[in-house]
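What the coordinates show
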Amino acid sequence: MGDRGPSSLDWAIELGARHWGVTVLEANGDFDAGDVWASRTFPMRESGKGSIYRHEVRRTAIEALIEAVHKVLEGGVPEALDEDDARAVGRARPLMKQDVRAIDWQADPTETVLRKVRAAEGHPGVLDEIAGVDCHLFGVHRERGLRGAPGEIIAQRHGAICRATVDGAVWVTHLRRSGPPETHFKLPATLALKLAGCPVTVREVAGPLHDWPGAEHTFREIFYEEDAGVGYLHFDFYNGAMSTEQCRRLRAAYQYARSRRKTKVIVLMGGRDFFSNGIHLNVIEAADDPAGESWRNLRAINDVVREIVDTESHLVISALTGDAAAGGVPFALAADRVYAREDVVLNPYYGHMGGLYGSEYWTYLLPRRVGAEMTARLTGPPFTPLGTAQAVEIGLVDAAFGATAESFQDQIRSLARALASDPHLSEQLDATRRQRARDERIKPLRAYRAEEMLRAYECFFGTDHSYHEARRRFARKLGALETTSAHLSPRLAA
């Protein structure tokens, strides 16, 4: 309480606050000021601004808002608060500008660099200079093994660059060249530098797929671990977007997980903030041939989904700690069981992207869970997002639990261990095989894919450029395309 200004959470991260919060105010005309209806605090964790918004802020804001509404209904009044009040631990702060955010690579230790980039995560990023290119930094991770001259790029891995600090190094996964967003937009770091005419030539430092001691101290998009007969496949892609190359690596990782005979259950863990948001629209927008890259990306994610659907050796669980949207929803539904954290939001539609029809076998996977009529409602206008309570009610998700990422993942691990040790698991797998065989006889998976990809082909290569315009506007922050009924692809009939 008492906090005011447009960079609230930025300052909290920058200054290393141990607790922060959300306050419901009765607006009085001053920025972020007014009498207090409700307030909640939460412990801060080491993470970017966007992640804290999606977890701690989202949950505490809802709790505080519900308390405020109850007080209004009960005829209560807000509490006056002045700067001398002991509860007013926050105070008015200005917009945080780039002179405060700036990194001094010759003096700032790793922890300072991490804080600065995390405080600017999502928007606006930290303005910096790399090889003569002015750019904004996003997606920072600690590196405790590699060393080099401060400020120097010393390694690359899967599109990220590793940059030395005075006492270690950090990975930076994404850059946006300085300038208007309609000209330059956020991309994987090596791709952004390549398009700027400064390709990264330092060595590619691979990280083993299977978990190893100390691996948490480096940047990993995909990694695999095992415990008590369960294989956990983690894939934490920035903003949940999955490029062609990322899909291919994920498919190979899943094939490895499926080859393991020490396990009986595979858990698709996704990332903390996002499970998946489908194809990578920004990488597609940056391609020389966006239509061709759209096609390759959709085929690559389809290949991942097909591997999961065809799995007969393991029980597969999708564990959604974070949100899922577009193709990320049917991707999750490819598993035998789907569980989600309580606060997860699902957006199972594509049509807002210029009428994109999509694929990922959604015409099989959604009706398999919720039926044709509900599928048509979920994938057609007005494109309403789903909370997990509704998702469980309609059968899209099997169960939702866990107030925090940690509690959800702890419960997932307990559940997965129990399933792996269940003496009846083989019977469950046999039943799954029989059902899949029946479904295949009725309509082969290749037929679903062919039909979906034919519609997607028209979106990518046809005469209607609505998808391309919507993607361009999305990547370049130009505002949503005004979608008319003519742009909306017909979905499944009820």
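The text that follows walks through the structure, step by step, so that each part is easy to find. Keep in mind the model is a prediction, meaning the values are calculated, not measured.

1. Observations regarding the overall build of the chain
Counting its regular elements, the chain contains 15 helices and 18 strands. Taking 494 residues into account, the globule formula puts the C-alpha radius of gyration at 23 Å, and the chain, at 24 Å, falls close to it. Looking at the chain as a whole, 52% of its 494 residues qualify as buried. By sequence separation, contacts in the chain at least 24 residues apart represent 69% of the contacts at least 6 residues apart. As displayed, the chain has an accessible area near 22,000 Å², and 52% of this comes from carbon and sulfur atoms. Counting 62 positive and 68 negative side-chain charges, the chain places the averaged centre of each group 5 Å from the other.

2. Let's talk about the sheet that holds strand β13 (residues 315–320)
One open sheet accounts for 6 strands, arranged β9-β10-β11-β13-β15-β18; its pairing is mixed. The sheet is open, and its two edges are formed by β9 (222–227) and β18 (399–400), each paired on a single side. In this sheet, strand β11 (residues 265–270) lies alongside strand β10 (residues 230–235) in parallel orientation, the contact comprising 5 bridges. Bridge pairing in β11 links H234 to G270.

3. Here we look at the pattern of salt bridges
Scanning the model with the defined rule gives 37 salt bridges in all. With a closest N to O distance of 3.3 Å, R142 and E46 form a salt bridge. Here the residue R142 occupies a position in strand β4 (residues 133–143), and E46 occupies one in the loop between β2 (34–43) and α2 (49–73), the gap between them amounting to 96 residues. You can call E46 exposed: its relative accessible area is 56%. Between D227 and R417 there is a salt bridge; the shortest N-O distance is 3.8 Å. Placement of D227 in strand β9 and of R417 in helix α12 (residues 405–420) is noted, with a sequence separation of 190 residues between them. Here D227 falls in the partly exposed class, since its relative accessible area comes to 38%. Through salt bridges with shared partners, a single ionic network connects R40, R59, E63, E67, K71, R341, E342 and D343.

4. Description of helix α8 (residues 290–309)
Because an α-helix packs 3.6 residues into every turn, residues spaced three or four apart end up facing the same way. With 20 residues, α8 should reach 28 Å at 1.5 Å per residue; the first-to-last C-alpha distance of 28 Å fits that figure. Extensive coverage of α8 is indicated by the burial of 15 of its 20 residues.

5. Details of the sheet that holds strand β12 (residues 274–276)
A sheet is described by the order of its strands in space; here 4 strands give the open sequence β12-β14-β16-β17, paired in mixed fashion. Both outer strands of the open sheet, β12 and β17 (386–387), are each paired with one neighbouring strand and no more. In this sheet, β17 lies alongside strand β16 (residues 345–347) in antiparallel orientation, the contact comprising 2 bridges. Residue pairing in the sheet places L346 in a bridge with L386 of β17.

6. Let's talk about the packing of aromatic side chains
Tallied over the full model, the rule gives 16 aromatic pairs. Consider the rings of W171 and F219, whose centres lie 5.9 Å apart with planes at 40 degrees: the pair is tilted. With W171 in strand β7 (residues 169–177) and F219 in the loop between α5 (189–195) and β9, this residue pair connects regions lying 48 residues apart in the sequence. Relative accessible area serves as the criterion here: at 3%, F219 is assigned to the buried category. Centroid distance Y339 to F401: 5.9 Å. Interplanar angle 45 degrees. Geometry classified as tilted. Note that Y339 is positioned in strand β15 (residues 337–340) and F401 in the loop between β18 and α12, a separation of 62 residues in sequence. We classify F401 as buried; its relative accessible area is 14%. Chaining the aromatic ring pairs together yields one cluster made of W295, Y457, F460, F461 and Y467. Lying over the aromatic face of F223, R220 brings its terminal NZ or CZ to 3.6 Å of the ring centre.

7. A look at the environment of L419
Structurally, the position occupied by L419 is in helix α12. As for L419 and N302, which are separated by 117 residues in sequence, their C-alpha atoms are 27 Å apart. Each residue touching L419, except ones within four places of it in the same chain, is listed here: V265, L315, I317, R337 and L425.

8. Focus: unusual backbone geometry
Residue P124 follows H123 across a cis peptide bond; omega there is 5 degrees. Mapped onto the elements of the fold, P124 is located in the loop between α4 (110–119) and β3 (126–130). For the bond running from P381 to P382, omega is 15 degrees, close enough to zero to count as cis. One non-glycine residue, A131, adopts positive backbone phi at about 50 degrees. Looking at A131, the relative accessible area reads 62%, which means it is exposed. Of note, F383 is a non-glycine position whose phi angle comes to about 55 degrees, a positive value.

9. Looking at the environment of F223
Its place among the elements puts F223 in strand β9. Distance in space between the C-alpha atoms of F223 and D236 is 9.1 Å, their sequence separation being 13 residues. The residues touching F223, leaving out its near neighbours within four places in the chain, are L209, D211, Y232, L233 and H234.

10. What to know about the packing of helix α10 (residues 362–379) against helix α14 (residues 445–461)
One can describe the packing of α10 onto α14 by two numbers: an axis separation of 8 Å at closest approach and a directional angle of 115 degrees. Residue-level contacts link W362, T363 and Y364 of α10 to L445, Y448 and E452 of α14. Of the residues contributing to the contact of α10 with α14, the split by class is 4 nonpolar, 1 polar and 1 charged.

Thresholds applied
- Residues numbered from 1 in each chain as written.
- Predicted model: local features only at pLDDT ≥ 70, side-chain atom pairs only at ≥ 80, totals over all residues.
- Heavy atoms only, no water.
- Helix = DSSP H or I, 4+ residues; strand = E, 2+ residues; numbered from the N terminus.
- Rg over C-alpha atoms; globule rule 2.2 N^0.38 Å.
- Buried < 20%, exposed > 50% of the residue type's maximum accessible area, 1.4 Å probe, protein only.
- Contact = heavy atoms within 4.5 Å.
- Areas by Shrake-Rupley, 256 points an atom, 1.4 Å probe, with all protein chains shown as cover.
- Lys, Arg positive; Asp, Glu negative; His and termini not counted.
- Charge placed at Lys NZ, Arg CZ, Asp CG, Glu CD.
- Pairing = 2+ DSSP bridges.
- Salt bridge = Lys/Arg side-chain N within 4 Å of Asp/Glu carboxyl O.
- Expected span 1.5 Å × (residues − 1).
- Phe/Tyr/Trp six-rings, centres within 6.5 Å; stacked < 30°, edge-to-face > 60°.
- Lys NZ or Arg CZ within 6 Å of the ring centre and 35° of its normal.
- Axes fitted to C-alpha atoms, helices over the stretch in contact; angles between N-to-C directions.
- Nonpolar A, V, L, I, M, F, W, Y, C, P; charged D, E, K, R; others polar.

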